[in-house]
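Listed here are the chains, written in short residue letters.
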Amino acid sequence: MNKHFDVIVIGVGSMGAAACYWLSKQGISVLGIEQFDIPHDQGSHAGQSRIIRKAYFEHPDYVPLLHRAYQNWASLERETGAQLYFETGLLYAGRADHELIKGTRLAAELHQIKLDNIARGQHSKARNFLMPLDYEQWFEPQAGFLTPERAILSFAQESIRQGATLLTRQRVHTWKKQHGEYHVETSAGIFTAKKLVVCGGAWSGHLVPSLNAKLKVTRQVIVWVNPTKWDDFTIDHFPCWLIADEKIPGALYGFPIVPAGKLGGPLGLKVAYHYPGLPSDPDHVDRSHTQDEVAILLHAVKKFIPNAFGEVLSVKTCLYTYSPDEHFIIDTHPDDDDLIIAAGFSGHGFKFASVVGEILGELATTGKTIQPIDFLRLKRFNNY
Ligand SMILES: Cc1cc2nc3c(=O)[nH]c(=O)nc-3n(C[C@H](O)[C@H](O)[C@H](O)COP(=O)(O)OP(=O)(O)OC[C@H]3O[C@@H](n4cnc5c(N)ncnc54)[C@H](O)[C@@H]3O)c2cc1C
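All values derive from a computational prediction rather than experimental measurement. (Residues numbered from 1 in each chain as written. Predicted model: local features only at pLDDT ≥ 70, side-chain atom pairs only at ≥ 80, totals over all residues. Heavy atoms only, no water.)

## A word on the pairing of strand E12 (residues 189-198)
Okay, so step 1: Most of E12 is tucked away, with seven of its ten residues classed as buried.
Okay, so step 2: Two strands pair when backbone bridges link them, and strand E1 (residues 4-10) and E12 are joined in this way by six bridges, in the parallel orientation. Its bridge partner being in E12, Val 9 is matched across the sheet by Val 197.
Okay, so step 3: Pairing analysis gives five bridges linking strand E11 (residues 181-186) to E12, with the strands arranged antiparallel. Its bridge partner lying in E12, Thr 186 is registered against Gly 189.
Okay, so step 4: Looking at chain direction, E12 and strand E20 (residues 336-343) are connected through three bridges and run parallel. The residue bridging Val 197 from the neighbouring strand is Ile 340, located in E20. (Buried < 20%, exposed > 50% of the residue type's maximum accessible area, 1.4 Å probe, protein only. Helix = DSSP H or I, 4+ residues; strand = E, 2+ residues; numbered from the N terminus. Pairing = 2+ DSSP bridges.)

This is the structure we're talking about:
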């Protein structure tokens, strides 16, 4: 087996699989190294569905990247024939002065994103929600969810078809730069490359020690419930949703029931909580859950979607990797232009994987990108 490549990508998860795809598409010789299978359920990408939306309350500067991400997801669907995006629409709800509502409206106004103000129950897909009377409700029709496992598999398969080498179940133990070349050590041997792209997800701090103090890994609990009226919650009748309950920090969110037999994964209606869970070591994650972790999710269902309340069918855990300001870190390393980093996706990165792959590919091949990522660069942190 060839041991020398133009680029080595460490971690073939969400961002790494997309980077391998983009690089191999340009004819670059690329090796992707993944410690588990592709995909797998030990990191940040498992669990059947990930919301994608454009009215980005986290920061309006993400919107241009989202436009590109939507285009790139559509290209991948055309190339592979696999449906990766399901346009269900998305309901935002909360008090007018909540960050979620203010930020969503701001991003929509600044970037002319279609966002409909809906009064209580006025939208057919909103009829199963029961909102407090003082909540605003906004509906983004061109939002929905992506299928992470299928998307990563599609990127990986296309990468191999385009000539990439992907190693699975091989952990990168160490890497170093010597005489202008990276030497990456795994149990399958040492591989060398001119450029190194590190997309280690929850393990990024282990792979790039100077990032370690900046990243916090938490475990997040997700439930799937059995709604009393199942048919009301399928993708034709129910949207994705994001609700700010002023009594608890963070945001509650969820999905419609995904079509049976299409995507695998747990059955039922998925509900999650976007707020830091318990800190975790990615190599020793306690995958059990506490009653409180599940109770908050059931509270959301009972309060806002009472018709969906039913027995818990499944509980899973997944990892978030927080950066200090909850914005992504995408950059070349300040001390080494040949080292490219994508980390700290802070629980909202998957929807961007298709554009992040392109950006990482551009940074590895030309040292720059036309995508507006200045706000995501390391220089925003004082000691970098
Ligand atoms: C519960 C939950 C819900 C979420 N919901 C959403 C959502 O609705 N919308 C959204 O956009 N985002 C969402 N996210 C966030 C999104 O899934 C993540 O931001 C994204 O998956 C991070 O991608 P990544 O490539 O950094 O990590 P991963 O996809 O985990 O990939 C990192 C890869 O690196 C590999 N790796 C690490 N170290 C090594 C090593 N030494 N050797 C070899 N391989 C290694 C890992 O095994 C892994 O495969 C959610 C996340 C969670 C956990």
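Let's pick the thread back up.
## Let's talk about helix H6 (residues 291-304)
Okay, so step 1: Between its first and last C-alpha atoms H6 spans 20 Å; for 14 residues at 1.5 Å apiece the expected length is 20 Å, and the two agree.
Okay, so step 2: Contacts made by the buried residues of H6 are with strand E13 (216-225), strand E14 (240-243), strand E15 (251-254), strand E16 (269-274), strand E17 (278-279) and strand E18 (312-322). (Expected span 1.5 Å × (residues − 1). Contact = heavy atoms within 4.5 Å.)

## Brief notes about the side chain of Gln 220
Okay, so step 1: Its place among the elements puts Gln 220 in strand E13.
Okay, so step 2: One polar contact links the side chain of Gln 220 to the main-chain amide nitrogen of Gly 277, over a distance of 2.9 Å.
Okay, so step 3: Setting aside residues up to four positions removed in sequence, Gln 220 forms contacts with Tyr 273, Tyr 275, Pro 276, Gly 277, Lys 316, Thr 317, Cys 318 and Tyr 320. (Polar contact = N/O pair within 3.5 Å; in protein donor to acceptor, adjacent residues only side chain to side chain.)

## Some thoughts on the packing of aromatic side chains
Okay, so step 1: Tallied over the full model, the rule gives 22 aromatic pairs.
Okay, so step 2: Arranged with centres 5.0 Å apart and planes meeting at 5°, the rings of Phe 86 and Phe 145 form a pair that is stacked. Within this pair, whereas Phe 86 is found in strand E4 (residues 85-86), its partner Phe 145 is found in strand E8 (residues 144-146), the two being separated by 59 residues in sequence. As far as the burial class goes, Phe 86 and Phe 145 line up, both buried.
Okay, so step 3: When the centroid spacing of 6.1 Å and the interplanar angle of 65° are considered together, the rings of Tyr 253 and Phe 255 count as edge-to-face. The exposure classification of Tyr 253 matches that of Phe 255, with both residues buried.
Okay, so step 4: Grouping aromatic residues by their ring pairs yields a cluster made of Tyr 56, Tyr 62, Phe 328, Phe 345, Phe 352 and Phe 375. (Phe/Tyr/Trp six-rings, centres within 6.5 Å; stacked < 30°, edge-to-face > 60°.)

## Points about the sheet that holds E8
Okay, so step 1: What the three strands build is an open sheet, ordered E3-E8-E4; its pairing is antiparallel. The open sheet has two free edges, formed respectively by strand E3 (50-52) and E4, since each of these has just one partner strand.

## Comments concerning helix H7 (residues 353-366)
Okay, so step 1: Across its 14 residues, H7 extends 20 Å between first and last C-alpha, which sits within 8% of the 20 Å expected from 1.5 Å per residue.
Okay, so step 2: Of all 14 residues making up H7, twelve are buried, and the element is well covered by its neighbours.
Okay, so step 3: Taken residue by residue, H7 has Ala 353, Ser 354, Val 355, Val 356, Gly 357, Glu 358, Ile 359, Leu 360, Gly 361, Glu 362, Leu 363 and Ala 364 as its buried positions.

## Points about the domain arrangement of the protein
Okay, so step 1: Domain parsing of the protein yields domain 1 (4-45 + 149-213 + 325-380) and domain 2 (88-144 + 216-322).
Okay, so step 2: For domain 1 versus domain 2, the distance between C-alpha centres works out to 29 Å.
Okay, so step 3: In this complex, domain 1 contributes 16 residues to the contact, which on the side of domain 2 involves 13 residues.
Okay, so step 4: For the pair domain 1 and domain 2, the summed buried area comes to about 1,200 Å², and 47% of that belongs to carbon and sulfur atoms.
Okay, so step 5: When the buried area of domain 1 at its contact with domain 2 is split by residue, Arg 150, Ala 202 and Ser 346 rank highest and sum to 33% of it.
Okay, so step 6: There are one salt bridge connecting domain 1 and domain 2.
Okay, so step 7: Arg 171 is paired through a salt bridge with Asp 283; the nearest N and O atoms lie 3.0 Å apart.
Okay, so step 8: On the surface where domain 1 and domain 2 come into contact, there are eight residue pairs in polar contact (both at pLDDT 80 or more).
Okay, so step 9: Here the side of domain 1 that touches domain 2 is built from residues that sort into three nonpolar, nine polar and four charged. (Domains from an automatic or database assignment. Buried area = accessible area lost by both parts, 1.4 Å probe. Salt bridge = Lys/Arg side-chain N within 4 Å of Asp/Glu carboxyl O. Nonpolar A, V, L, I, M, F, W, Y, C, P; charged D, E, K, R; others polar.)

## Considering the packing of helix H2 (residues 63-80) against helix H4 (residues 148-161)
Okay, so step 1: For the pair H2 and H4, interaxial distance at closest approach is 11 Å and the crossing angle is 65°. Where H2 crosses over H4, the two elements pack in a sense that is left-handed. Residues Trp 73, Leu 76, Glu 79 and Thr 80 of H2 form the contact with H4, whose participating residues are Ala 151, Ser 154, Phe 155 and Glu 158.
Okay, so step 2: For the contact of H2 with H4, the class distribution of residues is four nonpolar, two polar and two charged. (Axes fitted to C-alpha atoms, helices over the stretch in contact; angles between N-to-C directions. Left-handed = near helix turned anticlockwise from the far one by under 90°.)

## Structural notes on the pattern of salt bridges
Okay, so step 1: A full pass over the atoms with the stated rule returns 23 salt bridges.
Okay, so step 2: Across the pair Lys 194 and Asp 6 runs a salt bridge, and its minimum N-O distance is 3.1 Å. Separated by 188 residues along the polypeptide, Lys 194 in strand E12 and Asp 6 in strand E1 bring together distant segments of the chain.
Okay, so step 3: Using a relative accessible area of 43% as the deciding quantity, one classes Lys 194 as partly exposed.
Okay, so step 4: According to the relative accessible area criterion, Asp 6 is partly exposed, its value standing at 26%.
Okay, so step 5: For Lys 379, the salt bridge identified is with Asp 374, shortest N-O distance 3.5 Å.
Okay, so step 6: For Lys 379, a relative accessible area of 56% corresponds to the exposed category.

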